[in-house]
Amino acid sequence: MDSSLDMSSVFSYQSNDEFVPSRSLKNFSLLLSLSALYAPIIILKYIDLLSRLRRSGGSEVAFNKRLAYRVDIFLSLHPYAKPLVLLVGTMLLIGLGGLALYGVTDDSLSDCLWLSWTFVADAGNHANAVGFGPKLVSVSISIGGMLVFAMMLGLVTDSISEKFDSLRKGRSEVIEQSHTLILGWSDKLGSLLNQICIANESLGGGTIVVMAERDKEEMEADIAKMEFDMKGTAVICRSGSPLILADLKKVSVSKARAIVVLAEEGNADQSDARALRIVLSLTGVKEGLRGHIVVELSDLDNEVLVKLVGGDLVETVVAHDVIGRLMIQCARQPGLAQIWEDILGFENCEFYIKRWPQLVGMQFEDVLISFPDAVPCGIKMASYGGKIILNPDDCYVLQEGDEVIVIAEDDDTYTPSPLPKVRRGYPPKDFVGPKSPERILFCGWRRDMEDMIMVLDAFLAPGSELWMFNDVPEIDRERKLIEGGLDFSRLENITLVHRDGNAVIRRHLESLPLESFDSILILADESVEDSAIQADSRSLATLLLIRDIQAKRLPYKEAIGSDGFRRSLSEGSWMGEMQQASDKSVIISEILDPRTKNLLYMSKISDYVLSNELVSMALAMVAEDRQINYVLEELFAEQGNELQIRQSDLYLREDEELNFFEVMLRARQRKEVVIGYRLEDAERAIINPPDKVSRRRWSPKDVFVAIAEKE
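Keep in mind it's a predicted model, so treat the numbers as computed, not measured.

Definitions and limits used
- Residues numbered from 1 in each chain as written.
- Predicted model: local features only at pLDDT ≥ 70, side-chain atom pairs only at ≥ 80, totals over all residues.
- Heavy atoms only, no water.
- Phe/Tyr/Trp six-rings, centres within 6.5 Å; stacked < 30°, edge-to-face > 60°.
- Helix = DSSP H or I, 4+ residues; strand = E, 2+ residues; numbered from the N terminus.
- Buried < 20%, exposed > 50% of the residue type's maximum accessible area, 1.4 Å probe, protein only.
- Core = buried A, V, L, I, M, F, W, Y, C linked by side-chain atoms within 4.5 Å.
- Patch = residues over 30% accessible without salt bridge, like charges linked within 9 Å, V, L, I, M, F, W, Y side chains within 5 Å.
- Areas by Shrake-Rupley, 256 points an atom, 1.4 Å probe, with all protein chains shown as cover.
- Salt bridge = Lys/Arg side-chain N within 4 Å of Asp/Glu carboxyl O.
- Pairing = 2+ DSSP bridges.
- Axes fitted to C-alpha atoms, helices over the stretch in contact; angles between N-to-C directions.
- UniProt positions renumbered as here; feature names shortened; annotations may be inferred.

Concerning the packing of aromatic side chains
Then step 1. Considering all chains together, one arrives at 10 aromatic pairs under this definition.
Then step 2. A ring pair is formed by W356 and Y414, whose centres lie 5.7 Å apart and whose planes are at 65°; its orientation type is edge-to-face. Of this pair, W356 sits in the loop between β7 (350-355) and α14 (364-367) while Y414 is found in the loop between β10 (403-408) and β11 (439-443), placing the two residues 58 residues apart along the sequence. With respect to class, W356 is no different from Y414; both count as buried.

Description of the nonpolar core
Then step 1. Among the nonpolar cores identified, the biggest contains 123 residues, and I182, F351, I453, L521 and I675 are the most heavily contacted of them.
Then step 2. With 9 residues, the top contributor of residues to this core is helix α23 (residues 611-624).
Then step 3. Counting 24 residues, the second largest nonpolar core, distinct from the first, contains V251, V279, L282 and V285.

Some words on a nonpolar patch on the surface
Then step 1. On the surface, F74, L84, V85, L87, V88, M91 and L92 cluster together into a nonpolar patch covering about 640 Å² of accessible area.
Then step 2. In terms of residue count, the dominant contributor to the nonpolar patch is helix α4 (residues 81-104) (6 residues).
Then step 3. Position of L92 among the secondary structure elements: in helix α4.
Then step 4. Judged by its relative accessible area of 52%, L92 is exposed.

Quick look at helix α13 (residues 336-344)
Then step 1. α13 sits mainly inside the fold: 9 of its 9 residues count as buried.
Then step 2. Turning to α13, its buried residues number three or more, namely L336, A337, Q338, I339, W340, E341, D342, I343 and L344.

Re the sheet that holds strand β2 (residues 207-212)
Then step 1. In spatial order, the strands read β3-β2-β1-β4-β5-β6; together these 6 strands make up an open sheet with parallel pairing. The sheet terminates laterally at β3 (234-239) and β6 (314-318), the two strands that pair on one side only. With strand direction ignored, the average angle separating the axes of adjacent strands in the sheet is 20°.
Then step 2. Here 6 bridges tie β2 to β3, and the two strands are oriented parallel to one another.

So, the sheet that holds strand β19 (residues 673-678)
Then step 1. The sheet built from 4 strands is open, its strands ordered β17-β22-β19-β20 with antiparallel pairing. With one partner strand each, in any of the chains shown, β17 (641-647) and β20 (686-687) form the two edges of the open sheet.
Then step 2. As paired strands, β17 and strand β22 (residues 703-709) are joined by 7 bridges and run antiparallel to one another. Each residue of the ladder has a partner; that of Q644, found in β22, is A706.

So, the pairing of strand β15 (residues 586-591)
Then step 1. Extensive coverage of β15 is indicated by the burial of 6 of its 6 residues.
Then step 2. Neither face of β15 is exposed, since V586, I588 and E590 on one face and I587, S589 and I591 on the opposite face are all buried.
Then step 3. Taken together, the 4 bridges between strand β14 (residues 519-522) and β15 define a ladder with parallel strand orientation. Of the residues in β15, the one forming a bridge with I520 is I587.

Overview of the UniProt feature "transmembrane region" (unreviewed entry) in the protein
Then step 1. The UniProt entry lists residues 28-47, 84-104 and 136-156 under the feature "transmembrane region" (unreviewed entry), expressed in the numbering used here.
Then step 2. What you have in residues 84-104 is 100% helix and 0% strand, and the ends, taken at the C-alpha atoms, are 30 Å apart.
Then step 3. Within residues 136-156, the helical portion is 100% and the strand portion 0%, while the C-alpha atoms at the span's ends are 30 Å from each other.

Digging into the pattern of salt bridges
Then step 1. The final tally for this structure, using the stated rule, is 37 salt bridges.
Then step 2. Notably, a salt bridge pairs R274 with E213, separated by 3.6 Å at the nearest N-O pair. Here the residue R274 occupies a position in helix α10 (residues 268-283), and E213 occupies one in the loop between β2 and α8 (216-225), the gap between them amounting to 61 residues.
Then step 3. Between R553 and E515 there is a salt bridge; the shortest N-O distance is 2.9 Å. Of this pair, R553 sits in helix α18 (residues 532-553) while E515 sits in the loop between α17 (506-510) and β14, and the two are 38 residues apart along the sequence.
Then step 4. When its relative accessible area of 30% is taken as the criterion, R553 is described as partly exposed.
Then step 5. Three or more residues are tied together by salt bridges with common partners; here these are R506, E510, D548 and K552.

In structure tokens:
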């Protein structure tokens, strides 16, 4: 017999008696294939019928439903269940098809199994079948093969779609190390990303990973709308919850060099409670954390609890407290807001801490003039466990392991040089005139009002008045202040004056003696602080109303400008009148949206504080170097050192020519560190001047920026 696989010979009928035993075997194989195909269906129907009869009086679930449930559970729990089922189904189809072909043809079983596989793989192979039986079996196998191919194609398509969907939604793992990880999303994110990108520029760029409970595509679209240069830094977004350990591992949290936890917009207590839970999740990472955690908090009272949970890993930045203290400093010293922007941001000069072995044994007075490209302002003392001291004594001698705190453009732009030749002298004044009582107005209500009142009481002279103007009833104000920890009996220097009213209604503002206040602080009211645009609109409206009322109350002789530019601007100009009114008092506006900054800058009618941007700058600085947080805490604290603006006549005499190093040495006799200056005709101060050795004649109206002890 010819055993070739030619279809005409394979499917020919043989009637020789010597093949009768083989025919019996072939009939048995055909019967076996049909039985294997239909027996499960019959058995399932029979079992289902029995289960129906058995549960006719009860509530037992039908057998087919239980079976379907078990199959569904199997497919759901096992990731490779579907491919396994497809593989088993394909093998059964090939096996049953091979047995059926063996029963209707004269070929061997192995050849029939191979032929069955070819029918499954390519449905067109059955075209040469001869005879009714072979044709029926081959068509059946080909139909089964098409179903198998369709299911396989569906599985492959689903797998590819699921993978792309996972990538699109940010579910894939981040394989990075020494990256900056930001957890959460808020309106501070844009400024924070910008500052970190600037900090990474000197390193050739870096990687920032942002994980928030938002869609990845939405986050990437919002970041793309932020108008700043990434400077070689890659920003990777991932969707997930920082409260889930699996999501934290997905962003390589254990390998990050710094982790920034942003405060959630909305209720302060809820935001801080969420930050606390995130810190707990981070401390629970089994692999441990390589970097430190920077947590933005909304309420100062919650700082202790977060530090208790996080331990040495955590550095906190209390946004509301920082801005409140900064507003008070800027109200007392106009122009300080711009200086803080320059120091906190990475675009100009900022704080750096580094060890210089060649300076060991040198007194701080000499260290002060050893850096042509930086301004030393403090020491990190190794002998006291790394304690940071700003504005130390001149006689302090640098010890082995001490580090010098400087203000410089970047960490690689400064190095000590031989001491320059300078002329020492004595300042013309050895004291600052006594403080006089002030009258200050608060417009709006903040939740940390009691902290601001206590800080203000420490700064102002006895006999000062603090007017509080908002729509909170006086009884409720006192209750909130007492609940916040304010003890009215401990206020030594200020007297509280309460006035009720709405700060955006003109007639309410006109009831106040606005022309008599030394400083006016327009606060982002607690009722609208959740919406930056609404809060800024309210603050801007209040600012314009106050300036307009002040301008109309000024005597005519005072309203006339002293210089030609001011006169030409103000003549018949409403904006000019408000600019003249701004010379009579200082207005500090708490601004949440950076876009509002440009409006106030162009109008020049308010010394602004850009709160969200300043907080982002502080977060970025602490993320880059956690030691900077101790420097910022002292500069913002009620006691210790602070930034101050000094008149030039405190350091030099009229027509005296000094270089910047010599001015610094003059300031040291008052135990102050001069870090920059602002010239009479300049709009911005120069921090860390590049030329410190050239002498110049200073104007009496020039001012210097110094780090000095609080008065």
